[in-house]
Amino acid sequence: QVQLVESGGGLVQTGGSLTLSCAASGRAFSSYVVAWFRQPPGKEREFVAHITRAGGSTYYGDSAKDRFTISRDNAKNTGYLQMNSLKPEDTAVYYCAAGISASWRQRDYTYWGQGTQVAVSS
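Residues numbered from 1 in each chain as written. Predicted model: local features only at pLDDT ≥ 70, side-chain atom pairs only at ≥ 80, totals over all residues. Heavy atoms only, no water.

**Q** Which parts of the structure should I look at to understand the overall build of the protein?
**A** Secondary structure summary: the protein contains zero helices and eleven strands in total. Along the chain direction, N to C, the helices and strands of the protein fall in the order β-β-β-β-β-β-β-β-β-β-β. Relative to a compact globule of 122 residues, whose C-alpha radius of gyration would be 14 Å, the protein shows 13 Å and is just as compact. Expressed along its principal axes, the backbone C-alpha trace of the protein runs to roughly 40 × 25 × 25 Å. (Helix = DSSP H or I, 4+ residues; strand = E, 2+ residues; numbered from the N terminus. Rg over C-alpha atoms; globule rule 2.2 N^0.38 Å.)

Right, here's the structure in full:
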């Protein structure tokens, strides 16, 4: 079993930045692909980004391209999501997830954190 805990969410104004962290415990963090998803109020959960086991490859959803950066530090068992140029439509609960394959599909991730709230004011 792998446990994931997100942190770093909060309230920020349009154009601001936040960095989210995903701390992992349990099995070896480096064995898993890490992804970020988000769920805006009243909407379905959507893919944000993923990063491969050694951090060599990244992939972003359309809403995150050119604004967000996913990274990981396997020595610290931690994943990150750097978010810049935030917009009100980025308001959501952000979840980190871990799985054995790199994918934009929720079903491909086995372990999930509890989420951290990000709110972007106009």
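After that view, the rundown keeps rolling.
**Q** Before we go on, may I ask you to explain the nonpolar core in this structure?
**A** Inside soluble globular proteins, nonpolar side chains tend to come together where they are buried. Ranked by size, the top nonpolar core spans 28 residues in total, and within it Leu 4, Trp 36, Val 48, Phe 68, Leu 81, Met 83 and Tyr 94 carry the most contacts. Within the residue set of this core, elements represented by two or more residues are β1 (2-7), β3 (18-26), β4 (33-39), β5 (46-51), β7 (68-73), β8 (78-83), β9 (92-99) and β11 (116-121). Judged by nonpolar contacts, the second largest core, of six residues, contains Val 33, Ala 35, Phe 47 and Tyr 109. (Core = buried A, V, L, I, M, F, W, Y, C linked by side-chain atoms within 4.5 Å. Buried < 20%, exposed > 50% of the residue type's maximum accessible area, 1.4 Å probe, protein only.)

**Q** For this particular structure, what's the right way to read the pattern of salt bridges?
**A** When the charged atoms of two side chains lie near each other, side chains of opposite charge can form a pair. This structure, assessed with the given rule, holds four salt bridges. One salt bridge in this structure joins Asp 90 and Arg 38, with 2.8 Å as the shortest N-O distance. You can see Asp 90 sitting in the loop between β8 and β9 and its partner Arg 38 sitting in strand β4, a full 52 residues away along the chain. There is no split in this pair, since Asp 90 and Arg 38 are both buried. Here Lys 65 makes a salt bridge to Asp 62, at a shortest N to O gap of 3.2 Å. Here Lys 65 falls in the partly exposed class, since its relative accessible area comes to 41%. Using a relative accessible area of 69% as the deciding quantity, one classes Asp 62 as exposed. What you see here is one network of salt bridges that share partners, running through Arg 38, Glu 46, Arg 67 and Asp 90. (Salt bridge = Lys/Arg side-chain N within 4 Å of Asp/Glu carboxyl O.)

**Q** Even after reading the chapter, I still don't get the sheet that holds β1, so can you show me in this structure?
**A** In any sheet, the strands associate via hydrogen bonds between backbone groups, in a parallel or an antiparallel arrangement. With antiparallel pairing, four strands are arranged side by side in an open sheet as β1-β3-β8-β7. Both outer strands of the open sheet, β1 and β7, are each paired with one neighbouring strand and no more. For this sheet, the mean inter-axis angle between neighbouring strands, taken without regard to orientation, is 15°. Of the strand pairs in this sheet, β1 and β3 are connected by six bridges, and their pairing is antiparallel. Paired with Gln 3 across the strands is Ser 25, a residue of β3. (Pairing = 2+ DSSP bridges. Axes fitted to C-alpha atoms, helices over the stretch in contact; angles between N-to-C directions.)

**Q** Help me understand the side chain of Ser 103 in this model?
**A** Within the secondary structure layout, Ser 103 lies in the loop between β9 and β10 (111-112). Judged by its relative accessible area of 6%, Ser 103 is buried.

**Q** What is the right way to look at the pairing of β7 in this model?
**A** Within a regular beta strand, the side chains point alternately toward one face of the sheet and then the other, so they alternate between its two faces. By the alternation rule, side chains of β7 split into Phe 68, Ile 70 and Arg 72, which are all buried, and Thr 69, Ser 71 and Asp 73, of which none is buried. Bridge analysis of β7 against β8 gives six bridges, and the strand direction is antiparallel. Opposite Arg 72, over in β8, you have Gly 79 as the bridge partner. The hairpin formed by β7 and β8 contains four residues between the paired strands, and Asn 77 there has a positive phi angle of roughly 55°.

Structural measurements only, silent on function.
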